[in-house]
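Residue-level structure breakdown
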Amino acid sequence: MNRYPRDMHGHGPTPPNATWPGGARLAIQIVMNYEEGGENCVLHDDAASEAFLSEIVGAAAWEGQRHWNMESIYEYGARAGFWRLHRLFTSMNIPVTVYGVATALARSPEQVKAMQQAEWEIASHGLKWIEYKDFSPQEEEAHMKEAIRLHTEVTGAPPRGWYTGRCSVNTVTLAAHSGAFDYIADSYADDLPYWIEADGRDQLIIPYTLDSNDMRFATPQGFNTGADFESYLRDSFDMLYAEGEAGAPKMLSIGLHCRLIGRPGRLAGLKRFLDYAASREGVWFARRVDIAEHWKTTHPPHRRPRPSQLTREDFVDRFGDIFEHSPWIAERAHGLELGPAHDSATGVHSALARVFRSASETERLGVLRAHPDLAGKLAQAARLTEDSTSEQASAGLDALTDAERTTFTELNTAYTERFGFPFIIAVRDHDKAGILAAFRRRLENYRRAEFAEACRQVERIAELRLKAMDL
């Protein structure tokens with residue numbers, strides 16, 4: 001099957017109400033990335049020095065050499081930045097999730113002890129803070145297993161969350177297949193958690209962020225001052241808080257690095273933001289594992305047949321009559337590039353409508369002629385399809401007076417003689433009087449215009465039928 005794996009639909013136009021604890025309007029989640037001592041370095045058996053996320057913007061990796069300046073910048077994060085952040089968060093009683101690189105944690109026992117005493121969550125940030133895009137799945141899986149083993153050895157418990165960061169296309173699949181994690185964070189796809197299916201099990205994804213993230217102090221056109229960071233965080237907070245007040249609470253993730261935000265001139269901006277956020281009512285500061293536990297309880301996974309994953313036979317069986325007596329439309333639609341975005345009424349309708357629109361005029365005329373007359377002989381003989389019966393009944397066309405039936409018969413005859421196909425209208429959009437008015441008005445159309453209008457009505461009927469299904 002021609003299937004597109006990326007999910008462009010997500011929660012759709014109406015996301016679920018997060019129903020955060022206490023009716024919070026917004027969940028704020030602070031992540032401290034602890035990478036110092038896990039970065040690329042020849043001392044760590046890496047081929048070159050680190051070149052990512054430091055004060056040296058545009059730094060290059062030094063093959064086979066130590067980069068003294070780069071190493072000392074990372075060391076600042078462990079020696080000074082971490083403790084500055086630790087004092088800030090513990091003094092404000094703000095919970096934190098640490099993304100801990102396993103080898104970095106092993107080289108920082110005092111910091112690990114402080115994290116645990118503060119009851120911070122320590123999630124896994126992989127074995128090493130290196131790029132995994134060119135790793136084979138087998139090599140990456142081996143690193144993942146070793147990260148879990150070392151993390152457990154250093155902290156006393158296995159990690160409940162996973163975030164590689166510098167990941168490959170296989171990372172999320174490997175982490176999900178392991179079955180080891182309450183959540184995976186290698187996604188930037190949403191403002192709310194969401195579920196994926198992997199190897200027959202449901203895996204929770206809690207998306208992370210690269211925008212509300214101090215990494216932009218180390219990128220071109222990023223943040224230059226603590227005030228820049230504060231302003232961006234406040235704007236993010238205000239927009240999401242307003243959405244929460246309107247009944248659609250979200251999650252604001254804030255990503256921090258000890259060597260970046262831990263500099264005094266930057267931390268001042270973060271503190272001002274935290275003071276601002278903490279002063280507002282209805283704000284839930286949470287660890288990511290707390291969000292995972294809440295989401296699992298409040299929004300458990302909901303398994304349902306996914307149209308994009310149905311066999312051709314099952315797809316046609318389910319959607320073959322959406323366009324009246326025209327299963328060929330569903331047959332062709334199944335062969336299109338379908339994906340998660342088509343696993344909804346709107347998505348299936350898009351696929352079916354594409355086939356209908358690209359069909360020949362003769363084929364579309366056949367679809368029009370497959371529709372019954374309104375309140376015609378088929379209806380009187382109880383020979384309509386189940387959908388058509390329900391639709392005509394919804395507008396009262398199954399209970400006409402003798403005079404009304406005569407009117408419909410005359411209009412049906414005149415319309416069919418003029419255009420060569422029956423009058424078609426999405427009756428669920430109209431009442432009896434509106435249908436009669438449209439009938440008379442459309443009799444005055446030129447055939448090409450009326451053919452186009454009838455096709456639009458066929459598509460609308462299909463849309464209404466799909467929306468009535470449990471998709």
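See the structure above.
A word on the overall build of the protein chain
Helices and strands together make up the secondary structure of the protein chain, namely 18 helices and nine strands. In terms of overall dimensions, the protein chain has a C-alpha envelope of 90 × 50 × 40 Å along the principal axes. The contacts of the protein chain with a sequence gap of at least 6 include a subset with a gap of at least 24, amounting to 71%. Here the protein chain carries 53 positive and 67 negative side-chain charges, and the mean point of each set is 2 Å from the other.

Section: the side chain of His349
In this fold, His349 is placed in helix H12 (residues 345-358). Contacts of His349, omitting those with residues within four sequence positions, involve Glu459, Ala462, Glu463 and Leu466.

Comments concerning the packing of helix H11 (residues 327-334) against H12
Contact pair H11 / H12: the axes reach a minimum separation of 8 Å and the direction vectors enclose 110°. Comparing the axis directions of H11 and H12 gives the class roughly perpendicular. In the crossing of H11 with H12, the sense of the turn from one axis to the other is right-handed. Contact with H11, carried on its side by Trp328, Ile329, Ala330, Arg332 and Ala333, involves Ala351, Leu352, Val355 and Phe356 of H12 and no other residues of that element. Looking at the contact of H11 with H12 residue by residue, the class counts come to eight nonpolar, no polar and one charged.

Describing the pattern of salt bridges
Where charged atoms from two side chains of opposite charge come close, those side chains can pair. Under the criterion given, the structure shown has 29 salt bridges. For Glu243, the salt bridge is made with Lys250, and the minimal N-O distance between the two is 3.0 Å. On the accessibility criterion, Glu243 (27% relative accessible area) is partly exposed. On the basis of relative accessibility, which here comes to 8%, the residue Lys250 falls in the buried class. Across the salt bridge formed by Glu459 and Arg357, the nearest N and O atoms sit 2.7 Å from each other. Linking Glu459 in helix H18 (residues 447-467) with Arg357 in helix H12, this pair joins segments that are 102 residues apart in sequence. Judged by relative accessible area, which is 13%, Glu459 ranks as buried. Three or more residues are tied together by salt bridges with common partners; here these are Arg160, Asp182, Glu293 and Lys296.

Observations concerning the side chain of Thr171
Tracing the chain through its elements places Thr171 in helix H5 (residues 171-178). With relative accessibility at 1%, the residue Thr171 sits in the buried group. A distance of 2.9 Å separates the side chain of Thr171 from the backbone nitrogen of Ser168, its partner in a polar contact. The contacts of Thr171, once residues within four sequence positions are left out, are Glu140, Met144, Trp162, Thr164 and Asp186.

Considering helix H4 (residues 137-155)
The terminal C-alpha atoms of H4, which comprises 19 residues, lie 26 Å apart, in line with the 27 Å expected from a rise of 1.5 Å per residue. Among all positions in H4, only Glu140, Met144, Ala147, Ile148, Leu150, His151 and Thr155 are buried. Residues of H4 that are buried in the fold lie against strand E2 (97-100), helix H2 (102-106), helix H3 (109-117), strand E3 (121-124), strand E4 (161-162) and H5. Positive backbone phi, at 90°, marks Gly156, one or two positions downstream of H4.

A few points about the nonpolar core
Nonpolar side chains in soluble globular proteins tend to end up buried together. Among the nonpolar cores identified, the biggest contains 49 residues, and Ile28, Phe89, Phe237 and Leu270 are the most heavily contacted of them. The dominant element in this core, judged by the number of residues it contributes, is helix H1 (residues 68-92), at seven residues. Each residue touching Phe89, except ones within four places of it in the same chain, is listed here: Ile30, Ile94, Val96, Trp120, Leu256, Leu270 and Leu274. Core analysis: the next-biggest nonpolar cluster, separate from the first, contains 46 residues, Val316, Phe319, Ile329 and Leu443 among them.

Cut-offs used in this document
- Residues numbered from 1 in each chain as written.
- Predicted model: local features only at pLDDT ≥ 70, side-chain atom pairs only at ≥ 80, totals over all residues.
- Heavy atoms only, no water.
- Helix = DSSP H or I, 4+ residues; strand = E, 2+ residues; numbered from the N terminus.
- Contact = heavy atoms within 4.5 Å.
- Lys, Arg positive; Asp, Glu negative; His and termini not counted.
- Charge placed at Lys NZ, Arg CZ, Asp CG, Glu CD.
- Axes fitted to C-alpha atoms, helices over the stretch in contact; angles between N-to-C directions.
- Parallel < 35°, antiparallel > 145°, perpendicular 65-115°, else oblique.
- Left-handed = near helix turned anticlockwise from the far one by under 90°.
- Nonpolar A, V, L, I, M, F, W, Y, C, P; charged D, E, K, R; others polar.
- Salt bridge = Lys/Arg side-chain N within 4 Å of Asp/Glu carboxyl O.
- Buried < 20%, exposed > 50% of the residue type's maximum accessible area, 1.4 Å probe, protein only.
- Polar contact = N/O pair within 3.5 Å; in protein donor to acceptor, adjacent residues only side chain to side chain.
- Expected span 1.5 Å × (residues − 1).
- Core = buried A, V, L, I, M, F, W, Y, C linked by side-chain atoms within 4.5 Å.

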